[in-house]
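Each chain, letter by letter, is given below.
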Amino acid sequence: MKLTPDPKQALLTELNKCRACRFCVDVCPTYQVSGGLEALSSFGRIQIIRHLLTGMLELDDSLSYALYSCLQCRRCENTCKAKGQALEICEIIQQARAYLAPDYAKEVTNGV
Amino acid sequence: MASNTRRVISQALSTLQRNTLSTGDPLGFNQVYWTDWAQGLGLPKGGSPCLYTGRMYQMLPYAGQAAKLANRYQGWLACPGMSQLMNLGNRLAGESTIRRMAGTGGEIAQRARRALRGIWAGLRAAGVGPGYLYDAEPYSGVLLHELGADPGARTQASRLAALFQSKGIGEVVAVDPHTVHFLRDDFPELLEGAGVKLSHYLELLAPAAERLAPKAELPMTEVVVHDSCVMARHLGIVEQTRSVAAALGLKVLEPPNHGQDTACCGGPIEYGFEDLCAEVSLLRARELAGVGSQVMVTCPICLLNLSRHESELGLRIWDLGELLDLALGGDKAAA
Ligand code: SF4
Ligand code: SF4
């Protein structure tokens, strides 16, 4: 997934490949141990990112929890690929962290 | 923790970034802690190929303590103004505190030391015979990248590439999958630009597996192999692990979810999501325990996280490096 020159558009383009089949959800370890909390699944995370990018949602503590608790384990990607879509889910989540929360490394210094 | 997640992540990222960029070490340690494992081995200083540990194994006893501290102070971060105070008093989780809590490092430090000596012994048996940079070995920046702080990660990785280039090192052998993936796949232009070829040690050991005939008997005849996510899915190293285990005379038992479909040990989120991390690692440890009690891993993060469930589930988690050390006699070979 190439992010330049427009990271937001690149993220949305990649997100738009998702068919919402949810095959990736069941294999996500954080979804499994949360007792089936959709926000802590792969599909849940990419929906959150989509809505953060389009301004439907604002990045608060709960959504930060969803975004940063991803293990980057790529198990969801394997399933997505096997089902024929091959979204770069980990890359989406990691780039979203960098794009949506660029100040996280500075916020403490500035006093959140 | 959801009520103060932003502060927790900010604190973790700021501390990691500040530590890495100011001291060159993610823990912010000034005192060298990453060379003890090589004592007495007589590795040549520098030269190509060069063994690059990335400090990941050596960090294990301290990383566990740092994560414990970070998780302990999470409640405080919810209080207004406390994040600023924590920032000023960042040394709450500073070198002396973490060192004191880790003591001599305990068993995990011994295992990490043994794993590195075993990896070196394996490489030597395979005819690679790498050198080592000792205290001049920098940290890679991988943890910053994994938390999405790429500018800091790039700065640190650039320093590393420049160092290899300045020392005329064209071949580097790294020991953990996270560091290899970060340097080879996430910022490939940095090492390529410096004319450096990076390998994971298993990529060199597997083709030379017939040279790894054990000199000593291992305490088990079969192992359950836990594939690290990064190793299997990012680097595609699956068969190499099995051929090296087989060369040591071990029968490989496959757990549910193995190879490309492996399940995570939970480690990557330990820094701020202790409960979730513990539940993910327990889930995986139970899967492994259902197949056998002797488990083999190939990643320091898996070693640390899965070993936490050893007594509860009657497991022993071995790093492949430890088994190489036992089989090839890293300590004896150095004598
Ligand atoms: S498997 Fe792929 S296409 Fe299906 S929901 Fe998950 S990300 Fe979307
Ligand atoms: S990479 Fe993240 S979203 Fe995908 S399965 Fe792992 S924890 Fe879930």
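Scroll up to find the structure.
Right, let's walk through the structure included here.

So, how was this worked out
- Residues numbered from 1 in each chain as written.
- Chains lettered and ligands numbered in written order.
- Predicted model: local features only at pLDDT ≥ 70, side-chain atom pairs only at ≥ 80, totals over all residues.
- Heavy atoms only, no water.
- Helix = DSSP H or I, 4+ residues; strand = E, 2+ residues; numbered from the N terminus.
- Buried < 20%, exposed > 50% of the residue type's maximum accessible area, 1.4 Å probe, protein only.
- Contact = heavy atoms within 4.5 Å.
- Phe/Tyr/Trp six-rings, centres within 6.5 Å; stacked < 30°, edge-to-face > 60°.
- Pairing = 2+ DSSP bridges.
- Core = buried A, V, L, I, M, F, W, Y, C linked by side-chain atoms within 4.5 Å.
- Near = heavy atom within 4 Å.
- Nonpolar A, V, L, I, M, F, W, Y, C, P; charged D, E, K, R; others polar.
- Axes fitted to C-alpha atoms, helices over the stretch in contact; angles between N-to-C directions.

**Things to note about the environment of Asp319(B)**
Residue and element names in this part refer to chain B. With respect to the helices and strands, the residue Asp-319 is situated in strand 8 (residues 316-319). What makes Asp-319 buried here is its relative accessible area of 0%. Placed 14 residues apart in sequence, Asp-319 and Asn-305 show a C-alpha to C-alpha distance of 12 Å. Once residues lying within four places of it in the same chain are set aside, the contact partners of Asp-319 are Tyr-57, Ala-115, Val-297, Thr-298, Cys-299 and Leu-303.

**As for the packing of aromatic side chains**
A ring pair, where both rings are aromatic, is described by two values, the distance of the centres and the angle of the planes. All names here are of chain B. Scanning the model with the defined rule gives ten aromatic pairs over all chains in all. On the numbers, 5.4 Å between centres and 80 degrees between planes, the contact of Phe-29 with Tyr-33 is edge-to-face. Each member of the pair, Phe-29 together with Tyr-33, is buried. A centroid spacing of 5.7 Å and a plane angle of 90 degrees characterise the contact between Tyr-52 and Phe-164, whose relative ring orientation is edge-to-face. Placement of Tyr-52 in strand 1 (residues 50-52) and of Phe-164 in helix 8 (residues 150-166) is noted, with a sequence separation of 112 residues between them. According to the relative accessible area criterion, Tyr-52 is buried, its value standing at 1%.

**Describing the pairing of strand 5 (residues 222-225) of chain B**
Residue and element names in this part refer to chain B. Here three bridges tie strand 5 to strand 6 (residues 251-253), and the two strands are oriented parallel to one another. Directly across from Val-224, in strand 6, lies its bridge partner Leu-253. Inspection of the sheet shows strand 5 paired to strand 7 (residues 294-297) by two bridges, in the parallel sense. Residue pairing across strands places Val-225 opposite Met-296, the latter belonging to strand 7.

**Details of the nonpolar core**
Counting residues in each nonpolar core, the largest one holds 136 residues, and the members touching the most others are Tyr68(A), Trp37(B), Phe164(B), Tyr201(B), Leu248(B) and Leu323(B). Residue contributions to this core peak at eight residues, all from helix 6 (residues 106-125) of chain B. Setting aside residues no more than four positions away along its own chain, Leu323(B) makes contact with Leu218(B), Met220(B), Val223(B), Leu248(B), Leu250(B), Met296(B) and Trp318(B).

**Notes on the site of ligand 2**
Close contacts around ligand 2 come from Cys28(A), Pro29(A), Ser42(A), Arg45(A), Cys70(A), Leu71(A), Gln72(A), Cys73(A), Arg74(A), Cys76(A) and Cys90(A), and that covers them all. Class assignment for the residues of the shell around ligand 2 results in seven nonpolar, two polar and two charged.

**Things to note about the site of ligand 1**
What surrounds ligand 1 is the set Cys18(A), Arg19(A), Ala20(A), Cys21(A), Arg22(A), Cys24(A), Phe43(A), Ile46(A), Cys80(A), Gln85(A) and Ile89(A). The class makeup of the residues in the shell around ligand 1 is eight nonpolar, one polar and two charged.

**Structural notes on the sheet that holds strand 1 of chain B**
All names here are of chain B. Taken together, the four strands give an open sheet; going across it, the order is 2-1-3-4, and neighbouring strands pair in parallel fashion. The sheet is open, and its two borders are formed by strand 2 (131-132) and strand 4 (197-200), each paired with just one other strand. The sheet strands contacting helix 9 (residues 177-186) are strand 1, strand 3 (171-174) and strand 4, and the helix crosses strand 4 at an angle near 150 degrees.

**Section: the sheet that holds strand 8 of chain B**
Residues and elements named next belong to chain B. Across the sheet, four strands lie side by side as 6-5-7-8; this open sheet has parallel pairing. The two strands at the open ends of the sheet, each matched to only one other strand, are strand 6 and strand 8. Between one strand axis and the next, the sheet turns by 40 degrees as a mean value, whatever way the strands run. Where helix 17 (residues 320-328) meets the sheet, its contacts fall on strand 5, strand 7 and strand 8, and the angle it forms with strand 8 comes to roughly 75 degrees.

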